[in-house]
Amino acid sequence: MLVAPSLLAADFGNLEREMQWFNQSSADYLHLDVMDGVFVPNISFGFPVLRRVAQLCQKPLDVHLMIVEPQKFISQVAQLGAHFMNVHFEALTHHHRVLQQIREAGLHPAVTLCPSTPVHMLEDIITEVDMVLLMSVNPGFGGQQFIPHTLEKVRQLRQLIADRGSHALIEIDGGVNHQTAPLLAEVGADVLVAGSYVFGVPNPQERIQELKSLG
Ligand code: DX5
Ligand code: ZN
């Protein structure tokens, strides 16, 4: 299992210290939650913070943009040297064009679905993305409860990926913990985002390792 801890639950007064232990951990990516107060009912952090984090972090960045018009920020995300650029399906009209622009900018395009958006909406773009992020909570806040219907969506997405010959990874975001992670591994998730389960706890590295050791 690949693991992407979410900075949203970190101590923002001690980003340097948080990145020190994080760089030594077995995490695969750093997940960065950008919120604009329009697409989601909350505001998190923007590019000045992302730029500093990108300097401090030695692992690939997984940027999750919970914003309207994410296509306006492709070059800024590319300048961070990010790995994945996650854009919400619900925030776009011209999905195909934007995903291609993201790839042309040297980033790995990823598309994110809110809990209420069905998997079949991805039928015509599944071969354009390197990852699909299924939200297992309504985006905007950390520490929420996992929505069980996500498990069925992972199964449907696995099928769609196989049917279309896509290589996309399946990432899950929200409410990942010791109870939900094994269920997600069983249905075929590839990458788990974990915020409050990993940051702000006494034994973060153990928890990352525990998630990594799943299937
Ligand atoms: C929620 C964010 C998540 C959040 C997950 O809108 O996209 O990445 O940090 O937090 P937990 O793991 O605490 O549910
Ligand atoms: Zn996220």
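What comes next is a walk through the structure.

### Describing the site of ligand 1
Then comes step 1: As a matter of local geometry, ligand 1 sits amid 20 residues, with Asp33, Gly140, Asp173, Gly195 and Ser196 nearest to it.
Then comes step 2: The separation between an oxygen atom of ligand 1 and a polar side-chain atom of His64 is 3.3 Å.
Then comes step 3: In isolation ligand 1 offers 380 Å² of accessible surface; the protein chains occlude 99% of this area.
Then comes step 4: For the shell around ligand 1, the secondary structure elements donating two or more residues are β2 (30-35), β3 (61-66) and β8 (191-194).

### Side note on the layout of surface pockets
Then comes step 1: Approximately 320 Å³ is the volume attributed to the largest pocket.
Then comes step 2: Phe141, Gly142, Gly143, Gly174 and Gly175 are, among the 25 residues lining the largest pocket, the residues nearest its centre.
Then comes step 3: Counting residues per element, the ones that place at least two in the lining of the largest pocket are β2 and β8.
Then comes step 4: Its residues assigned to classes, the lining of the largest pocket shows 12 nonpolar, 11 polar and two charged.

### Regarding helix α5 (residues 150-164)
Then comes step 1: Between the first and last C-alpha of α5 there are 21 Å, a value that for 15 residues agrees with the 21 Å anticipated at 1.5 Å per step.
Then comes step 2: If you check which residues of α5 are buried, you get Thr150, Leu151, Lys153, Val154, Leu157, Leu160 and Ile161.
Then comes step 3: Phi for Gly165, located one or two positions after α5, is positive at around 65°.

### Some thoughts on the pattern of salt bridges
Then comes step 1: A full pass over the atoms with the stated rule returns five salt bridges.
Then comes step 2: Between Asp130 and Arg103 there is a salt bridge; the shortest N-O distance is 3.0 Å. With Asp130 in the loop between β5 (108-113) and β6 (131-135) and Arg103 in helix α4 (residues 95-104), this pair connects stretches of sequence that are 27 residues apart.
Then comes step 3: Residue Asp130 is classed as buried on the basis of its relative accessible area of 9%.
Then comes step 4: Residue Arg103 is classed as partly exposed on the basis of its relative accessible area, which comes to 37%.
Then comes step 5: With its nearest N and O atoms 2.9 Å apart, the salt bridge here joins Glu152 to Arg155.

About the cut-offs
- Residues numbered from 1 in each chain as written.
- Chains lettered and ligands numbered in written order.
- Predicted model: local features only at pLDDT ≥ 70, side-chain atom pairs only at ≥ 80, totals over all residues.
- Heavy atoms only, no water.
- Near = heavy atom within 4 Å.
- Polar contact = N/O pair within 3.5 Å; in protein donor to acceptor, adjacent residues only side chain to side chain.
- Areas by Shrake-Rupley, 256 points an atom, 1.4 Å probe, with all protein chains shown as cover.
- Helix = DSSP H or I, 4+ residues; strand = E, 2+ residues; numbered from the N terminus.
- 1 Å grid on protein atoms, 1.4 Å probe; cavity = no way out; pocket = protein on both sides within 12 Å on 5 of 7 lines; lining within 4 Å.
- Points joined across faces, edges and corners; volume = space filled by probe spheres on them.
- Nonpolar A, V, L, I, M, F, W, Y, C, P; charged D, E, K, R; others polar.
- Expected span 1.5 Å × (residues − 1).
- Buried < 20%, exposed > 50% of the residue type's maximum accessible area, 1.4 Å probe, protein only.
- Salt bridge = Lys/Arg side-chain N within 4 Å of Asp/Glu carboxyl O.

Function-wise, these values are silent; they only describe arrangement.
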